[in-house]
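# Report on the structure
Residue-level listing of the chains:
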Amino acid sequence: MKNIVIIGNGISGITAARHIRKFSDHHIQVISAESEYFFSRTALMYVYMGHMNWKHLLPYENDFWRKNDINLVHDRVKTVKPEVKKVLLDKGEPIAYDDLIIATGSKPNKFGWPGQELKGVRGLYSKQDLEALEYYVPNKKVCKRAVIVGGGLIGIELAEMLRSRDIPVTMLVRESNFWNNVLPDEEAKMLNEHIREHHIDLRLERNLDSIIDDGNGKVKAIKVKETSEVIGCDYVGLTPGVSPNVSFLKDSDIEINKGVVVNRYLETNIDHVYAIGDCAEQKKPIGNRPPIEAVWYTGRMMGEVVAQTICGNKTAYNPGNWFNSAKFLDIEYQTYGWVFNQPQNGDDDFYWKHPDENICIHIHYERSSRKFKGINTFGFRLRHEVMDKWLNEERSVDFVIDHIDEANFDPEFYEDPTKAIKKAFYKKHSNKAAV
Amino acid sequence: MSLDRNLSLTGEAPRKLNHQQKLSTAVGILGLIILLLASFNVQLQPRWMFLTLALSAIAGGIIWFAKASYSGIPKGIKNDGAFLKPMTSRGVVAYATGIGLTGFYIILYFFPELIGLNENGANTGLIALFDPLSQFLANRPASQWFVYGTLYTIAILFFGIKFMWKYRHNRYQRLRTFSVSFFQLGFAFIIPELMARLNSKDFSLPYYDLKNIWPLNYYNFQQYRVDSMIEAGDVGLGLLIFGVVSIFIITPILTFKYGKRWYCSWVCGCGGLAETAGDPYRHLSDKSTRAWKIERWLVHGVVVFVTLMTTAVIYSYLGTDTSKYWLTKSSFLLGVAGILSLIFAWVMIFKRERIQKDAKYAAIGFFVLIIGLMGLHFISSTDQLFLLSAGDLQKSYGFLIGSIFSGVVGTGFYPILGNRVWCRFGCPMAAILGFQQKLFSRFRISTNGGQCISCGNCSTYCEMGIDVRAYAQKGQNIVRSSCVGCGICSAVCPRGVLKLENDKVKGRINPKDVLLGNDVNLMEYVNSKIKNF
């Protein structure tokens, strides 16, 4: 029996703990300063919007942890001393470990803007960020306007949250269309429109210059870099991405670049110390994946893998086909395989959009071999298992279109877009139409 | 945790009611005030005019409120502020509504004379206000049940329109709501009233809502009903046979093909009210495992109760002489014992592994109890089956289950306990359909590979208190007896993870431990290992 210590109770750390418990009777301790119990970070927005209460964010009942002998420690880790195999805490006694898993996730990016430490300037990542939001932005009387800096997945969630309380929102987005660094123009432009339909003041190709103090250490306004326009606001949401939350390790011997550097086995440079989830940085990127993957799913997958290694079945992190999903206000998004904002060299694309609704798909494929590379869908749900299988089987784009109805995961009785998709594809590729 | 309180106390409703919502609420309340004045015997003449005014105000108020809430904004999920508005998060106004509804049910069931019922003369008060409509439809004065039926139908129809507006992007929800509205208006309201028109001195049918199947319709096989159906010739006999066929043949076939949703959220009147008027309260259901445990004992206890009661009632009016009528006390009891033994044996032999340990013990216990009590009949000479008289059993069932549970608690407590309290904890029909749904059906809610983010919308908005997320985050399909297939979990899921579907029975249950997305070898390795646990 080993002493396993896990720093961080997010999806990565908790998945690791659950799987270690399943395969062993090791002593498990999970340390978190953020919250007493594991909660779903992706659902923070729904508490502010009143769709759920805090307790609904907890995926396991509170006695689950005691029943499964997973010990929760509500404390902050000051630093790690690998030379004596100990973790030092703010309040509690040092904890000794045999194996240590670092799963401390991310923190919101701040790019050295003047005024970024003012009151009322926050990211949206942690439970404490949610509390701050409730404090600074309870309603439109207290907060006359909010400015969101950064147009990614968290930015749009924050905008949706604020709009649910009728708060005027201005959004500064660096790209020429929303999330255009990831999405192709067509989808990004559709989202521009949808965002404006929700009365969000979307400013494209605009960057933050500085945040202005009201004289009492609180935000009063922001200044836009390109236009020097000053926009009065009571809250600034900083959502230009996240970076690994690893500064507490800087004095330890654990190798840090942007994140904790790990090999394919999620091992750090120090024996018996592992890192998983958002805070881990692959020494060599895997395929098209970035070295740091700050995604719920990859955090979970790394947790599953590291548990195997710790329980004696040494396993490499070997993710399958890329997939992801999100929801932009009312529009659901799924992606399987790789679709970039421009087709890669030698690739072609096929785009179809419903004439009236916010429903569209975008496929990338190799021009010469016609090999299917990936698909984006908006407002149309696909079956993960089917898409994964086709990607594994290296199917052609023609096959995928011919069988797209088999992957339809929309609720029963929904208007079926697959016929129109096929028609549009065959029209475009009439010379290659094959059924 | 103090934070919980902070977040829910300081959290503010997104938009307080806008002007139109306030005005439309006032119009609806005006309609209710007319009904209230009538209850206090204020003379409102002509009655048909005030009745029309009251019902139109209620219906119009609801539609206007729906328009003020959902029109002119993009379609999509509309749950903003559900836990911040007092009406939908157990605020004072919710308790007041609950008490009001509960009081209404108590008067309706136990003191109908307070709202003007007079069986020996002209009605007065509220019931008299409904006389013109009852005369028009059924050619007879109104009763408290007619008043209730009318209000119930209006609630389903107009809150149904509100619901369809709210979910206008979701065709499953729209069709389902159209269906329950249709069955309520046609089968529960208009057809039985028109049937009453046909009644004369030598031809009389009991009130029969064809979609209301035993055991939900626990009084269907009572003596007065069976007698009058048999006396009414072929039509009556047809109805009687339909009553038996619907529970033993139609129900199992449809539940096998579509799950119990075909009934609970597409046809049933109780489900209809829960899904329309009760929709704003669906998130209040208790999701704890403790509640699940209470649910299993309570709802199956009611099934045993209704089986015993119905058996005793039918037994009490059957004869003993085979030459007079083919069905006698003894042959009936043997028949019931035979059916129960067959079901019990089938489950224990073929479906053993699908039921939990405590359910197994309970099943054995119930089975022994029922068969034992029936056995008493053959060894003792008492005329009372099950030690109690059939009349007492029937009365206590009607009081405890039929009135208190399904009405006073089941509907009166919507704003406090959620909208499916009766369906989940009390309805014997739901329990029987659920039993079959779990063991013998093509229906399941499929989980979409590894896409779940454990956000909890599905569990929160499950009116039956199923912890949907617990399955979805394991990549496991949801096969639960209590699921009524309302489809809201699938609707509120932000990542497209859930789909209600009917498919092959094989592969319906799919335990997984490592989810799609990871190394294929690891998935196979871990999942096969977990299976052997």
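The rules we used
Residues numbered from 1 in each chain as written. Chains lettered and ligands numbered in written order. Predicted model: local features only at pLDDT ≥ 70, side-chain atom pairs only at ≥ 80, totals over all residues. Heavy atoms only, no water. Domains from an automatic or database assignment. Contact = heavy atoms within 4.5 Å. Buried area = accessible area lost by both parts, 1.4 Å probe. Core = buried A, V, L, I, M, F, W, Y, C linked by side-chain atoms within 4.5 Å. Buried < 20%, exposed > 50% of the residue type's maximum accessible area, 1.4 Å probe, protein only. Helix = DSSP H or I, 4+ residues; strand = E, 2+ residues; numbered from the N terminus. Salt bridge = Lys/Arg side-chain N within 4 Å of Asp/Glu carboxyl O. Polar contact = N/O pair within 3.5 Å; in protein donor to acceptor, adjacent residues only side chain to side chain. 1 Å grid on protein atoms, 1.4 Å probe; cavity = no way out; pocket = protein on both sides within 12 Å on 5 of 7 lines; lining within 4 Å. Points joined across faces, edges and corners; volume = space filled by probe spheres on them. Expected span 1.5 Å × (residues − 1). Arc of directions from axis to C-beta. Pairing = 2+ DSSP bridges. Axes fitted to C-alpha atoms, helices over the stretch in contact; angles between N-to-C directions.

### Side note on the domain arrangement of chain A
Residue and element names in this part refer to chain A. Here chain A is partitioned into domain 1 (3-107 + 243-310), domain 2 (121-240) and domain 3 (323-432). A straight line from the C-alpha centre of domain 2 to that of domain 3 covers 31 Å. Tallying the contact residues gives 19 residues for domain 2 and 17 residues for domain 3. A combined buried area of about 1600 Å² lies between domain 2 and domain 3, and 68% of that area is made up of carbon and sulfur atoms.

### Topic: the nonpolar core
Ranked by size, the top nonpolar core spans 133 residues in total, and within it Val-80, Val-87, Ile-101, Ile-102 and Leu-162 of chain A carry the most contacts. Sort the elements by how many residues they give to this core and helix H7 (residues 296-310) of chain A lands first, with 8 residues. Discounting residues that sit within four places of it in the chain, Ile-101 of chain A has contacts with Ile-4, Val-5, Ile-6, Ile-7, Ala-16, Ile-20, Tyr-274, Ile-276, Val-306 and Ile-310 of chain A. Counting 82 residues, the second-largest nonpolar core is a separate cluster that includes Phe-83, Ala-232, Val-304 and Ile-478 of chain B.

### Focus: the interface of chain A and chain B
In this complex, chain A contributes 69 residues to the contact, which on the side of chain B involves 72 residues. Taking both sides of the interface into account, the surface hidden between chain A and chain B amounts to around 6100 Å²; carbon and sulfur atoms contribute 48%. When the buried surface of chain A facing chain B is broken down by residue, His-51, Glu-412 and Phe-413 of chain A rank first, second and third, together holding 11% of it. Counting across the interface, chain A meets chain B through 4 salt bridges. Ionic pairing is found between Lys-512 of chain B and Glu-385 of chain A, a salt bridge with its closest N-O pair at 3.3 Å. Linking chain A with chain B are 36 residue pairs in polar contact (both at pLDDT 80 or more), by the criterion used here.

### Some words on empty space enclosed by the protein
Using the criterion set out here, one finds 13 cavities of 30 Å³ or more in the structure. Considered as a void within the structure, the largest cavity measures approximately 160 Å³ in volume. Taken together, 16 residues make up the lining of the largest cavity; nearest its centre are Ile-11, Arg-18, Tyr-60 and Arg-300 of chain A together with Gln-473 of chain B. When contributions to the lining of the largest cavity are tallied by element, the ones reaching two or more residues are helix H1 (11-23) and H7 of chain A.

### Quick look at helix H2 (residues 19-39) of chain B
All names here are of chain B. Taking 1.5 Å per residue as the helical rise, H2 with its 21 residues ought to reach 30 Å, and the 30 Å between its terminal C-alpha atoms agrees with that figure. Every buried residue of H2 is accounted for by Gln-21, Ser-24, Gly-28, Gly-31, Ile-34, Leu-35, Ala-38 and Ser-39. The buried side chains of H2 occupy one side of the element, clustering within an arc of 165° when seen end-on. Residues of H2 that are buried in the fold lie against helix H3 (47-70), helix H5 (125-129) and helix H7 (144-166). Among the residues of H2, the N-terminal cap falls to Asn-18, whose side-chain oxygen and the backbone nitrogen of Gln-20 are separated by 3.2 Å. Remark: Asn-41 follows H2 within two positions and exhibits a positive phi of approximately 65°.

### What about the pattern of salt bridges?
Enumeration according to the criterion identifies 37 salt bridges over all chains in this entry. Where Asp-166 of chain A meets Arg-163 of chain A, a salt bridge forms, and the shortest distance between an N and an O atom there is 3.9 Å. Residue Arg-163 of chain A is classed as buried on the basis of its relative accessible area, which comes to 13%. The residue Asp-279 of chain B makes a salt bridge to Lys-166 of chain B at a minimum N-O spacing of 2.8 Å. Taken as a pair, Asp-279 of chain B in the loop between helix H12 (269-276) and helix H13 (289-317) and Lys-166 of chain B in helix H7 lie far apart in primary sequence, 113 residues in all. You'll find Asp-279 of chain B and Lys-166 of chain B in the same group, each marked buried. If you follow the salt bridges from partner to partner, you end up with Lys-166, Arg-176, Glu-275, Asp-279, Arg-282, Arg-420 and Glu-463 of chain B in one network.

### Some points on the sheet that holds strand E3 (residues 70-74) of chain A
Residues and elements named next belong to chain A. Overall, parallel pairing links the 5 strands, which are arranged E3-E2-E1-E7-E19 in an open sheet. This sheet does not close on itself; its edge strands, each paired only once, are E3 and strand E19 (273-275). Ignoring which end each strand starts from, the neighbouring axes of this sheet average 20° apart. Bridge count for strand E2 (residues 27-32) against E3 is 5 bridges, and the pairing is parallel. In the strand pairing of E3, Ile-28 is matched with Ile-70. Packed onto the sheet, H1 meets strand E1 (3-7), E2, E3 and strand E7 (99-102) and runs at close to 170° relative to E2.

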